[in-house]
Amino acid sequence: MACASVVSPIEIFAADEVGRRRHWSDEDKIRIVEESLRGYRQGSATARRYGISRSLLSIWRREYRSGTLGAPEVGGGFVPLVMEGPPPASARPPLREAADVRIDITLTNGRRMTIPASLTPSHLAALLAVLDPR
């Protein structure tokens, strides 16, 4: 029996250990990104230390720089907004027809909104808190 094959031991993994995606919280992502930005050429070393790919770390870094890392996703859910009754007449700006005047606002996270000029500052503050929570 000179042709006998050699039997090698095999490892058996539980189903939940193989191919499982890890979920990183926004706080963890921010901590990892800030660690990777501390020194010269720290990206690759940080990615290896946490067992993530360099491309994933690059995506997180891009989101961190643009301010979208940790921000709620668009369409991720509804946020209740409570609007009080109409503002008093003295709070409205004395512009031409208030229905015709619109104001365009571009937020730091890239979102744009168009509001009527007659919108009170308290209502605008409530909208901004929802759209740009920083």
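Residues numbered from 1 in each chain as written. Predicted model: local features only at pLDDT ≥ 70, side-chain atom pairs only at ≥ 80, totals over all residues. Heavy atoms only, no water.

Engineer: For the overall build of the protein, give the residues involved together with the corresponding values.
Structural biologist: Counting its regular elements, the protein contains four helices and two strands. Going residue by residue from the N terminus, the α and β elements of the protein occur as α-α-α-β-β-α. Considering the protein as a whole, with its 134 residues, one finds that 18% of them fall into the buried category. Partitioning the contacts of the protein with sequence separation of at least 6, the portion at a separation of at least 24 is 42%. (Helix = DSSP H or I, 4+ residues; strand = E, 2+ residues; numbered from the N terminus. Buried < 20%, exposed > 50% of the residue type's maximum accessible area, 1.4 Å probe, protein only. Contact = heavy atoms within 4.5 Å.)

Engineer: Can you explain the side chain of H123? Please cite residues and give values.
Structural biologist: By secondary structure assignment, the location of H123 is in helix 4 (residues 121–131). For H123, the side chain forms a polar contact with the side chain of T120, separated by 3.0 Å. Leave out the neighbours within four places in its chain, and H123 touches M83, E84 and G85. (Polar contact = N/O pair within 3.5 Å; in protein donor to acceptor, adjacent residues only side chain to side chain.)

Engineer: If you had to explain the pairing of strand 1 (residues 102–106) to someone new, which residues and values would you point to?
Structural biologist: Judged from the five bridges that link them, strand 1 and strand 2 (residues 112–116) form a sheet pairing that is antiparallel. Looking at the pairing, I105 lines up with M113 of strand 2. In textbook terms, the turn of a hairpin is the stretch between consecutive antiparallel strands, and for strand 1 and strand 2 this stretch comprises five residues, one of which, G110, has a positive phi near 95 degrees. (Pairing = 2+ DSSP bridges.)

Engineer: Could you give an account of the packing of helix 1 (residues 26–36) against helix 3 (residues 54–66), naming the residues involved and the relevant values?
Structural biologist: Close contact between helix 1 and helix 3 brings their axes to 10 Å; oriented N to C, the two are set at 95 degrees. In terms of their interaxial angle, helix 1 and helix 3 are classed as roughly perpendicular. In this structure, helix 1 contributes K29, I30, I32, V33, E34 and S36 to the contact, and helix 3 contributes L57, W60, R61 and Y64. Its residues assigned to classes, the contact of helix 1 with helix 3 comprises six nonpolar, one polar and three charged. (Axes fitted to C-alpha atoms, helices over the stretch in contact; angles between N-to-C directions. Parallel < 35°, antiparallel > 145°, perpendicular 65-115°, else oblique. Nonpolar A, V, L, I, M, F, W, Y, C, P; charged D, E, K, R; others polar.)

Engineer: Go over the packing of aromatic side chains, please, and point to the residues and values.
Structural biologist: On inspection of all chains with the given rule, the structure shows two aromatic pairs. With a centroid separation of 6.3 Å and 85 degrees between ring planes, the pair formed by W24 and Y50 is classed as edge-to-face. Of this pair, W24 sits in the segment before helix 1 while Y50 sits in helix 2 (residues 43–50), placing them 26 residues apart in sequence. Of the residues examined, W24 reaches a relative accessible area of 17% and is grouped as buried. (Phe/Tyr/Trp six-rings, centres within 6.5 Å; stacked < 30°, edge-to-face > 60°.)

Engineer: If you had to explain helix 2 to someone new, which residues and values would you point to?
Structural biologist: By the burial criterion, the buried members of helix 2 are G43, T46 and A47. Summarising the axial view, the buried residues of helix 2 lie within an arc of 100 degrees, below the 170-degree limit, and thus occupy one face. Immediately beyond the C-terminal end of helix 2, within one or two residues, lies G51, with a positive phi of roughly 70 degrees. (Arc of directions from axis to C-beta.)

Engineer: Could you give me a rundown of the environment of P116, with the residues and numbers involved?
Structural biologist: Summarising the element assignment, P116 is placed in strand 2. Taking the C-alpha atoms as reference, P116 lies 8.9 Å from D104; in sequence the two are twelve residues apart.

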